[in-house]
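These are the residues of each chain, in order.
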Amino acid sequence: MRDDAVDASASAVGGDVDDSLLAVRAAEGDEDAFAVLVQRHAPALLRLATRLIGERSEAEDAVQDAFISAWRRLPEFHGRSAFSTWMYRIVTNRCLNILRSRRPSSPLEAAGEIHAPEHTASPARIAEARGAVRELRAALDDLSPEQRACWVLREWDGQSYEFIADAVGISQEAVRARVFRARRSLTQALGAWR
């Protein structure tokens, strides 16, 4: 089938069809239905993975692996949660595995003291802002992967505690606790930048 014919077929399949029907059709082997799901959800999942992992190429690999896993596991998807929530869970788990495997934990005290920047609109201020971003990235790296996932989903993606609990596979109370601990750690680590 030519590429334009595949695109036309995928748009005919996707149109205004909701994710649950597309997931059912994909589970039955409809590749066009799955392609529509990938097109719909890949951008948000890539943003999530990039925020969690910090490196675009690793994030792309994680999302691609997640979609491959989802394709294989579609018959197990029974629609108890939204397809997007199921995909968030798969991507989050992939990212957590990557984070756990790539660095040992270090105590927060090892980050060192951060000095407050001067507030000017100059090249020095721009450099300081970049330094603040680097410090934030370092502080996020010091969080446990589980705290980081909950914090990113809540603060950067604006997801509800209920959504995060479904996506990460823990209770809402556990999500709240992880977000609280992450906020406290980040506040301590970035206190000089406030």
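Everything numeric here is computed off the predicted structure, so don't read it as measured data.

A. Representation of the nonpolar core within the structure. Counting residues in hydrophobic clusters, the biggest one holds 49 residues, and the most contacted among them are L74, F83, W86, M87 and V91. Among the elements of the structure, α2 (19-27), α3 (31-53), α4 (56-73), α5 (83-102), α6 (123-142), α7 (145-156), α8 (161-168) and α9 (172-189) are those that each provide at least two residues to this core. In terms of residue count, the dominant contributor to this core is α3 (10 residues). Sequence-distant contacts of L74, that is, excluding residues within four places in its chain, are made with A23, A26, A27, F34, F83 and W86.

B. The arrangement of the packing of α5 against α7 in detail. At their nearest, the axes of α5 and α7 sit 9 Å apart, and the two run at 140° to each other. Compared by their axis directions, α5 and α7 come out oblique. Relative to α7, α5 is oriented so that their crossing is right-handed. Contacts between α5 and α7 involve Y88, T92, L96, L99 and R100 on the former and, on the latter, P145, E146, R148, A149 and L153. Partitioning the contact of α5 with α7 into residue classes produces 6 nonpolar, 1 polar and 3 charged.

What counts and what doesn't
Residues numbered from 1 in each chain as written. Predicted model: local features only at pLDDT ≥ 70, side-chain atom pairs only at ≥ 80, totals over all residues. Heavy atoms only, no water. Core = buried A, V, L, I, M, F, W, Y, C linked by side-chain atoms within 4.5 Å. Buried < 20%, exposed > 50% of the residue type's maximum accessible area, 1.4 Å probe, protein only. Helix = DSSP H or I, 4+ residues; strand = E, 2+ residues; numbered from the N terminus. Contact = heavy atoms within 4.5 Å. Axes fitted to C-alpha atoms, helices over the stretch in contact; angles between N-to-C directions. Parallel < 35°, antiparallel > 145°, perpendicular 65-115°, else oblique. Left-handed = near helix turned anticlockwise from the far one by under 90°. Nonpolar A, V, L, I, M, F, W, Y, C, P; charged D, E, K, R; others polar.

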